[in-house]
Amino acid sequence: MSKLSSKEKELIELENKIRNCTLCQLSSLRTNAVPGDGNYNAKLMIIGEAPGRNEDLQGLPFVGQAGKLLEQMLNEINIKREEVYITNVVKCRPPENRDPTEEEIKICSPYLFQQIKLINPQIILLLGKYSLKTILNINLKISYLKGRIFIKDDRYIMCTYHPAFIIRNYTNYIEEYRYHFYKLKSLLEKLSTNPKNKV
């Protein structure tokens, strides 16, 4: 078994801290906290909003229907789930899948910022308005910024719909969603040939 790097040790410690966190009321309602899952050296990090029922039961992000659609989109651009790191802004499921509150996001987001710092991805894909607001501090509907690419802290940040929204509006939005992922593929390819390439 290979020796863990200091980065891997820090991420494992952080994930354990999240699993045992009691900083907000959601901790008393959860089955499992959901720190995140994937490659600690990922070039691409994907950030959603909050765990749902399936995620709460399994302790893993995006394992329900939304997760299946996300994996399908990644597969279409030849990316395997295990190549990326997937997490959420809020690490515990809000009751009845309600939106996370500003207070819950404020309490939980330092975990996310630490994950970003440690993993240090080249690209972050934001799914939905709460990840958009948390990472870019932009309080707009995702429909205004979907498919847009920003640069912050020397990394690329792309915004698109949460897959749960696509499932509810499949016929109207699936082709646009697919286009966003092919745009993501193009960005990844440019960075793989020249890490300093500007879009």
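Here the structure is a predicted model, which is why all the values come from computation and not from measurement. (Residues numbered from 1 in each chain as written. Predicted model: local features only at pLDDT ≥ 70, side-chain atom pairs only at ≥ 80, totals over all residues. Heavy atoms only, no water.)

Focus on the overall build of the protein
The condition that has to hold: Helix numbers and strand numbers start at the N terminus; a helix is a DSSP run of H or I with at least 4 residues, a strand a run of E with at least 2. Based on C-alpha atoms, the radius of gyration is set beside the globule rule, defined as 2.2 Å times the residue count to the power 0.38. Three exposure classes are used, based on accessible area relative to the maximum for each residue type with a 1.4 Å probe and protein chains only: buried under 20%, partly exposed in between, and exposed over 50%. Note on contacts: a residue pair is in contact if any heavy atoms of the two residues lie within 4.5 Å. Surface exposure here means Shrake-Rupley accessible area, sampled with a 1.4 Å probe, where a residue is shielded only by the protein chains that are shown. Counted as positive: Lys and Arg. Counted as negative: Asp and Glu, with His and the chain ends omitted from the count. Working definition for charges: the position is that of NZ of Lys, CZ of Arg, CG of Asp or CD of Glu.
Regarding its fold elements, the protein presents eight helices and six strands. Start at the N end of the protein and walk to the C end: the helices and strands fall as α-β-β-α-α-β-α-β-α-α-β-β-α-α. A compact globule built from 199 residues would reach a C-alpha radius of gyration of about 16 Å, and the protein, at 16 Å, matches this within 12%. Once the C-alpha set of the protein is aligned to its principal axes, its extents read approximately 45 × 45 × 30 Å. Counting the 199 residues in the protein, one finds 48% classified as buried. Contacts in the protein between residues at least 24 apart in sequence constitute 71% of all its contacts with a sequence separation of at least 6. Carbon and sulfur atoms make up 48% of the accessible area of the protein, which amounts to about 10,600 Å² in all. Each charge class in the protein was averaged separately, 30 positive and 22 negative side chains, and the resulting centres sit 3 Å apart.

Describing unusual backbone geometry
Excluding glycine, residues mostly carry a negative phi; peptide bonds, for their part, are mostly trans. For Asn-97, which is not glycine, the phi dihedral falls at a positive 60 degrees. Asn-97 sits in the partly exposed class, given a relative accessible area of 44%. Positioned with a positive phi, Asp-153 is a non-glycine residue whose angle comes to about 55 degrees. Mapped onto the elements of the fold, Asp-153 is located in the loop between strand S5 (149–152) and strand S6 (155–160).

Let's talk about the environment of Leu-11
Looking at where Leu-11 falls in the secondary structure, it is placed in helix H1 (residues 6–19). Apart from residues lying up to four places away in sequence, Leu-11 is in contact with Tyr-40, Gln-115, Leu-118 and Ile-119.

Comments concerning H1
Given 3.6 residues per turn, any residue in an α-helix points the same way as the ones three and four places further on. Keep this limit in mind: To estimate the expected span of a helix, count its residues, drop one, and scale the result by 1.5 Å.
Here H1 contains 14 residues, and its C-alpha end-to-end distance of 20 Å stays within 8% of the 20 Å for a straight helix at 1.5 Å per residue. If you follow the buried residues of H1, they end up packed against strand S3 (85–88) and helix H4 (102–119).

Here we look at the state of the cysteines
Defined as follows: Two cysteine sulfur atoms form a disulfide, by the criterion used here, when they sit within 2.5 Å.
Tallying each qualifying case throughout the model produces zero disulfides. Counting only cysteine sulfurs, Cys-24 is the nearest neighbor of Cys-92, a cysteine outside any disulfide, at a range of 6.1 Å. Cys-21 provides the cysteine sulfur closest to Cys-108, a residue in no disulfide bond, and the two sulfurs are 6.4 Å apart. You can call Cys-108 buried: its relative accessible area is 10%.

A look at the sheet that holds S6
This is how it is decided: At least two DSSP bridges between two strands are required for those strands to pair. Only C-alpha atoms enter the line fits that serve as axes; for helices the fit covers just the stretch in contact. Angles between N-to-C directions range over 0 to 180 degrees.
The strand order across the open sheet formed by six strands is S1-S3-S2-S4-S6-S5, and the pairing between neighbours is mixed. In this open sheet, the two strands that pair with only one neighbour each are strand S1 (37–38) and S5. Pairing of strand S2 (residues 44–48) with S3, which is carried by four bridges, proceeds in the parallel orientation. Bridge pairing links Met-45 to Tyr-85 in S3. H4 contacts S2, S3, strand S4 (123–127) and S6 of the sheet and is inclined by roughly 170 degrees relative to S2. On the sheet, helix H5 (residues 129–136) packs against S2, S4, S5 and S6 and is oriented at approximately 135 degrees with respect to S4.

Examining the packing of aromatic side chains
Any pair of aromatic rings gets described here by the distance separating the centres and the angle formed by the planes. Here is the rule we go by: What counts as a ring pair is set by centres within 6.5 Å for rings of Phe, Tyr and Trp (its six-membered ring), and what kind of pair is set by the plane angle: stacked under 30 degrees, edge-to-face over 60, tilted for all other angles.
Taken as a whole and assessed by the stated rule, the structure comprises five aromatic pairs. Ring geometry for Tyr-161 against Tyr-173: centres 5.2 Å apart, planes inclined by 70 degrees, an arrangement best described as edge-to-face. Residue Tyr-161 is located in the loop between S6 and helix H7 (163–168), and its partner Tyr-173 is located in helix H8 (residues 170–193); the two are separated by 12 residues in the primary sequence. Assessed through its relative accessible area of 4%, Tyr-161 is described here as buried. Judged by centre distance (5.1 Å) and plane angle (75 degrees), the ring pair of Tyr-177 and Phe-181 falls under edge-to-face. Here Tyr-177 and its partner Phe-181 are both found in helix H8, four residues apart, which amounts to about one turn of the helix. No difference in accessibility class separates Tyr-177 from Phe-181, as the two residues are buried. Three or more aromatic residues link up through ring pairs in this structure, and these residues are Tyr-161, Phe-165 and Tyr-173.

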